[in-house]
Amino acid sequence: MAYDPDNVFARILRGEIPSTRVFEDDEFIAIRDVAPAAPTHILLLPRHEGTTGPADLDAADADWVGRMVILATRIAREQGLDDGYRLVMNCGPHGGQSVPHLHLHLLGGRTLGAFAEPAGIP
Ligand code: AMP
């Protein structure tokens, strides 16, 4: 899928749409999800445009993806998610991805339910 530079996260990264930022450096920002699915729901976004989702990744991306996961664990600690949390990357329509700029969800603050419905598995 071609990268759409007008997707909502690209616009947030350019400052065209407001967001509540909990972290930023020269590589990533972390914002609060506008429709939280848990008491703490933070999205980590790479600043660079062009990566639509996990399916675009290849070996050349391993370093920054690794740094993003480690950053998520640091933010989880800072947010006090001492009892655990979930890191999620959705991919494409079946994965429930709605914004075509790769992002990592950090969810916590309560016991989370099953991450996929068992129904429909043959
Ligand atoms: P996904 O469905 O994995 O693509 O995740 C996209 C997430 O972005 C959803 O959880 C949305 O609630 C969230 N979202 C959409 N628009 C905004 C926004 N303007 N600010 C913060 N989060 C947003």
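Anything mentioned here points back to the structure above.
Quick summary incoming for the structure in this document.

Thresholds applied
- Residues numbered from 1 in each chain as written.
- Predicted model: local features only at pLDDT ≥ 70, side-chain atom pairs only at ≥ 80, totals over all residues.
- Heavy atoms only, no water.
- Near = heavy atom within 4 Å.
- Polar contact = N/O pair within 3.5 Å; in protein donor to acceptor, adjacent residues only side chain to side chain.
- Areas by Shrake-Rupley, 256 points an atom, 1.4 Å probe, with all protein chains shown as cover.
- Helix = DSSP H or I, 4+ residues; strand = E, 2+ residues; numbered from the N terminus.
- Contact = heavy atoms within 4.5 Å.
- Pairing = 2+ DSSP bridges.
- Axes fitted to C-alpha atoms, helices over the stretch in contact; angles between N-to-C directions.

## Comments concerning the site of the ligand
Part 1 of the reasoning: Around the ligand, 16 residues are found, and the nearest of them are Asp33, Asn90, Gly96, Ser98 and His105.
Part 2 of the reasoning: Here an oxygen atom of the ligand sits 2.6 Å away from a polar atom, N or O, in the main chain of Ser98.
Part 3 of the reasoning: In this structure, His103 approaches the ligand through a side-chain N or O atom, which is 2.9 Å from an oxygen atom.
Part 4 of the reasoning: Protein chains bury 82% of the 500 Å² of accessible surface belonging to the ligand in isolation.
Part 5 of the reasoning: For the shell around the ligand, the elements supplying multiple residues, two or more each, are helix 1 (8–13) and strand 2 (28–32).

## What to know about the environment of Thr40
Part 1 of the reasoning: You can see Thr40 is positioned in strand 3 (residues 40–46).
Part 2 of the reasoning: Through-space distance from the C-alpha of Thr40 to that of Leu106 is 7.5 Å; in sequence the pair is 66 residues apart.
Part 3 of the reasoning: Sequence-distant contacts of Thr40, that is, excluding residues within four places in its chain, are made with Arg32, Gln79, Leu81, Leu106, Leu107 and Gly108.

## Comments concerning the sheet that holds strand 2
Part 1 of the reasoning: Sheet architecture is open: 5 strands sit in the order 1-2-3-5-4, paired in antiparallel fashion. The outermost strands of the open sheet, each flanked by one partner alone, are strand 1 (21–24) and strand 4 (85–88). Between one strand axis and the next, the sheet turns through 15° on average, direction left out of account.
Part 2 of the reasoning: Strands in contact with helix 2 (residues 62–78) are strand 1, strand 2, strand 3, strand 4 and strand 5 (104–108); relative to strand 3, the strand with the most contacts, it is inclined by about 155°.

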